[in-house]
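So you can see what is in the structure, the chains are spelled out below.
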Amino acid sequence: MKKLLFILISVMAALAALNPSEEDYREHVRKKKGVSGAAALALMDLLSFDKKGSIRRQNFLIASRFYLDGDGLLPRENRAWGIAGLFIDSN
């Protein structure tokens, strides 16, 4: 039982350490979509009224949800989940 608990805690710690950030998501979009993805991110940042940009991250310790900011002209839209350095697109 102690080994199982140790393995579970180890896995949770590894997932928390590999939890992607907003910058990781932006880089993922740039790699996946290329120039059009970078241009879309820049346009969304311009339409957002926040200095941080349009992409937001909701952190759940072992995973994160990335979404478009809903405070400016853009409606809130879930874009992807990130876990262990990987991204799962919501669309």
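Notes on the structure in this doc start here. This structure is a prediction, so every number in the text was calculated from the model and none was measured.

**Observations concerning the pairing of strand S3 (residues 77-83)**
Pairing analysis gives 6 bridges linking strand S2 (residues 63-68) to S3, with the strands arranged antiparallel. Bridge pairing links Phe66 to Ala80 in S3. Where S3 meets strand S4 (residues 86-89), 4 bridges bridge the pair, whose relative direction is antiparallel. Looking at the pairing, Ile83 lines up with Leu86 of S4. Between S3 and the antiparallel strand that follows it, S4, lie 2 residues; Ala84 among them carries a positive phi value of about 55°.

**Remarks on unusual backbone geometry**
Positive phi outside glycine occurs at Leu61, with the angle close to 70°. A positive phi angle, near 55°, is found at Ala84, a position not held by glycine. Of note, Ala84 is situated in the loop between S3 and S4.

**Considering helix H3 (residues 35-47)**
Helix length check: H3 (13 residues) gives 18 Å between terminal C-alpha atoms against 18 Å at 1.5 Å per residue, within 8%. Buried within H3 are the following residues: Gly37, Leu41 and Met44. Summarising the axial view, the buried residues of H3 lie within an arc of 65°, below the 170-degree limit, and thus occupy one face. Turned more than 90 degrees away from the buried face of H3 sit Val35, Ser36 and Leu46, all of them exposed. As for H3, its buried residues are in contact with helix H2 (22-33), strand S1 (55-59) and S2.

**Considerations on the packing of aromatic side chains**
Following the criterion strictly, the structure yields 4 aromatic pairs and no others. Between Phe60 and Trp81, the aromatic rings sit 5.6 Å apart at their centres with planes inclined by 25°, giving stacked as the arrangement. A residue pair is termed long-range when its members are at least 10 positions apart, and Phe60 in the loop between S1 and S2 and Trp81 in strand S3 qualify at 21 residues. Ring pairs connect the aromatic residues Tyr25, Phe66 and Phe87, which therefore count as one cluster. In this arrangement the basic side chain of Arg76 is found over the ring face of Tyr67, its NZ or CZ atom lying 3.7 Å from the centre.

**A closer look at the nonpolar core**
By size, the foremost hydrophobic cluster in this structure holds 10 residues: Tyr25, Val29, Leu41, Met44, Ile55, Phe66, Leu68, Leu74, Ala80 and Phe87. Those elements that provide at least two residues to this core are H2, H3 and S2. Once residues lying within four places of it in the same chain are set aside, the contact partners of Leu41 are Arg26, Val29, Arg30, Ser54 and Ile55.

Calculation notes
Residues numbered from 1 in each chain as written. Predicted model: local features only at pLDDT ≥ 70, side-chain atom pairs only at ≥ 80, totals over all residues. Heavy atoms only, no water. Pairing = 2+ DSSP bridges. Helix = DSSP H or I, 4+ residues; strand = E, 2+ residues; numbered from the N terminus. Expected span 1.5 Å × (residues − 1). Buried < 20%, exposed > 50% of the residue type's maximum accessible area, 1.4 Å probe, protein only. Arc of directions from axis to C-beta. Contact = heavy atoms within 4.5 Å. Phe/Tyr/Trp six-rings, centres within 6.5 Å; stacked < 30°, edge-to-face > 60°. Lys NZ or Arg CZ within 6 Å of the ring centre and 35° of its normal. Core = buried A, V, L, I, M, F, W, Y, C linked by side-chain atoms within 4.5 Å.

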